[in-house]
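Here is what each chain is made of, one letter per residue.
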Amino acid sequence: WDFGDGDTTTTQHPTHIYNQLGKFTVKLTVSSDAGNSIKEMPDYIVVYENRSPFMPTNIYPFNNQDGAPITTILVGSTFCDPDFGDVISKSQFQIAQNDKTFDQLKWDSGLIDSVTYYQIPLNANLENNTKFKWRCRYQDNKGSWSAWSNETAFNTMNMPTPTPTPTPTSSPTITPTPTPILLAKYTFDNPSDEGWKPFPIPGGTYINDPLGAFYIANTTISTLSAVGILDSDTTYSIYGRWELNTNSPISPCEENYLYRARYWLRTTQTDKNKVPQVRMQWNNYPPQIFALLQVDKGLNAIGTVFAPYDSYYYKSSTDSYGGQNYLIYFDLVDFTPEQSGDVYCDELEVTRQTPLTTGGILVWEQDSNDDFKTWTPVGVSGIFDDVTRGRGNGSIWLESPGPLGAKPLYYGGWSSPYAETSPSFQSDSLYKAIFTLHSESVDAQKHLPMIRLRLSNKTFDWIGMICVRQDVGTYGHMPSHSGTDYYLYMPSPPNLSGIPGDKSDSMVINFDIVDGSENEYGRVYLDHVQVWKYPLQ
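Reading the values: rules and limits
Residue indices begin from 1 for each chain and proceed along its sequence in written order. Side-chain atom pairs in this predicted model are given and counted only at pLDDT of 80 or more, local residue features only at pLDDT of at least 70, and totals for whole chains, interfaces and linings cover all residues. Only hydrogens and water are set aside; all other atoms, that is, all heavy atoms of the structure, feed into the side-chain values. Planes of paired rings set the category: under 30 degrees apart is stacked, over 60 is edge-to-face and the rest tilted, where pairs are Phe, Tyr or Trp rings (Trp by its six-membered ring) whose centres lie within 6.5 Å. Categorising residues by exposure relies on relative accessible area from a 1.4 Å probe, with only protein chains included: less than 20% of the type maximum marks a residue as buried, more than 50% marks it as exposed, and the intermediate range marks it as partly exposed. Only lysine NZ and arginine CZ atoms are considered, and such an atom sits over a ring when it is within 6 Å of the ring centre and within 35 degrees of the ring normal. Paired strands are those between which DSSP finds at least two bridges. Where helices and strands are cited, they refer to DSSP runs of H or I of at least four residues and of E of at least two residues respectively, numbered from the N terminus. Every axis corresponds to a line fitted to the C-alpha atoms, with the helix fit spanning only the stretch in contact, and the corresponding angles, defined between N-to-C directions, vary from 0 to 180 degrees.

A. Main features of the packing of aromatic side chains. Enumeration over the complete set of coordinates arrives at 23 aromatic pairs. The interplanar angle of 90° and the centroid separation of 5.6 Å between the aromatic rings of Y60 and F62 together place this pair among those described as edge-to-face. Looking at F62, the relative accessible area reads 39%, which means it is partly exposed. Summarising the aromatic geometry, the rings of F372 and W375 are spaced 5.3 Å apart at their centres and angled 70° between planes, so their arrangement reads as edge-to-face. The two residues F372 and W375 agree in class, both being buried. Taken together, Y259, W282, Y313 and Y326 form an aromatic cluster joined through their ring pairs. In this structure, R241 is placed above the aromatic ring of Y329, and the distance from its NZ or CZ to the ring centre is 4.3 Å. Stacked on the ring of Y257, the Lys or Arg R352 has its end atom at 4.9 Å from the ring centre.

B. How the structure looks around the sheet that holds strand 9 (residues 117–119). Strand order in the open sheet formed by three strands is 3-5-9, with antiparallel pairing between adjacent strands. A single partner strand is all that each edge strand has here, and the edge strands are strand 3 (58–60) and strand 9. Each adjacent strand pair in this sheet contributes to an overall mean axis angle of 25°, direction not counted. Looking at chain direction, strand 5 (residues 73–76) and strand 9 are connected through three bridges and run antiparallel. For L74, the partnering residue across the bridge sits in strand 9 and is Y118.

C. Spatial organisation of unusual backbone geometry. Residues Y60 and P61 are joined by a peptide bond in cis, for which omega reads 0°. Along the polypeptide, P61 turns up in the loop between strand 3 and strand 4 (65–68). Here the bond from S251 into P252 is cis, since omega is -5°, no more than 30 degrees from zero. Counting through the fold element by element, P252 comes out in the loop between strand 18 (238–244) and strand 19 (257–267). In the Ramachandran plot, N129 falls in the positive-phi region, its phi being about 60° despite a non-glycine side chain. Tracing the backbone through its elements, the reader meets N129 in the loop between strand 9 and strand 10 (131–140).

Structural measurements only, silent on function.
As structure tokens, then:
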């Protein structure tokens, strides 16, 4: 072989590195007793200098978008490079106040590995009621940077910045109501007029998340007055959502009341074992307190005919730290290859009623060393850094060390025994789970990681969950040192086997923490769990 740059070899199948730019003629000579055979390829190899990636485009927030959270996600366009085989290696995002230059930065992400999006952290200290601009750039695997994207602007939410006061705001007194009161009804004849919008990142956007890449789903408005999330492709992971606008909340959302959002849903997927996961959620804004019903593939998957699905939220006095404006939404999560199918919501109504305090039956209680000694650790080895955990003194605990380790976040939890006998859900019932948690100290309450509490069946196609997380200076809703009760309401699964011990009917309790922030750390204890059953109203 003659490589055209002065180097030769007699190896039959060589590899060769060119150390200079230009065009090179490659020649192969084969010799035998019959003589020589020569094949020459003029200018067969072209070695050129690495070219820079194409300049990215700012995708989200949209230019001059209003109402962005101070921790909004910045999304750039997909990485593109003129050189075949080059891939993204690093990215960088910068934020400045709109009336300043990027020489006077408000925040710089630093160099981020292999992603085209960035969530602004709390310690960026962006102010509410303020206009900012941002830009991004990408680096390829050979070290070349793209030009900075053209800057675009966004306006943060028009709301007061939270203060660190631990005193909840008092709420107006409302006369207790024995029967539900209708607060809102959405028919989706014109979703935008009713205060609804699709997930703000455009459908088709590719999100290269370190925990798993996915595409944003397209959404639609049906001629039958329904809003839909489209997921007909089994090739890619998909996420999509319809949500209530921040300027059209459920308000006032008063403490000591039980709220119900009833969604009329259907799917185009006829195989129950392939229906995508659907979640129906309540949260305050900015999101610190969450309550949701999650329905997944299996016996209780969303059906092909519109049917009601109820997501409950009980606002306790602890939740008053989160304000009185609450949002609702439903989303579709498809991160497995076998799941697909569009999901439609035809109607949604929101009601308020007094909480259930009488007529209930205690079906399950966990509050002692003997109870908790059978609980098993939960984690995702190799993907997340594991938290530390322990038990004793009638409690189980989880602790995140902070700051972040080698993986994207710390995760870990406890679960009641999966293999052992547990109480079964009964049809036409409403369940109330009360979780009592506490922190190590008054100061520790201020920086705890996200906490999630679940009650579900053992096939995990019917899950109720509540979740709390701290925000800038707002921590009164997190577990206190003296102990805090959290309430989860959920209806019984619509499809029960009726077979004693069947996993579709049997209950399981989960308690976990998720820490993806430098500012979150600490230990939280679970002291007591009660599950009550009431007749479904």
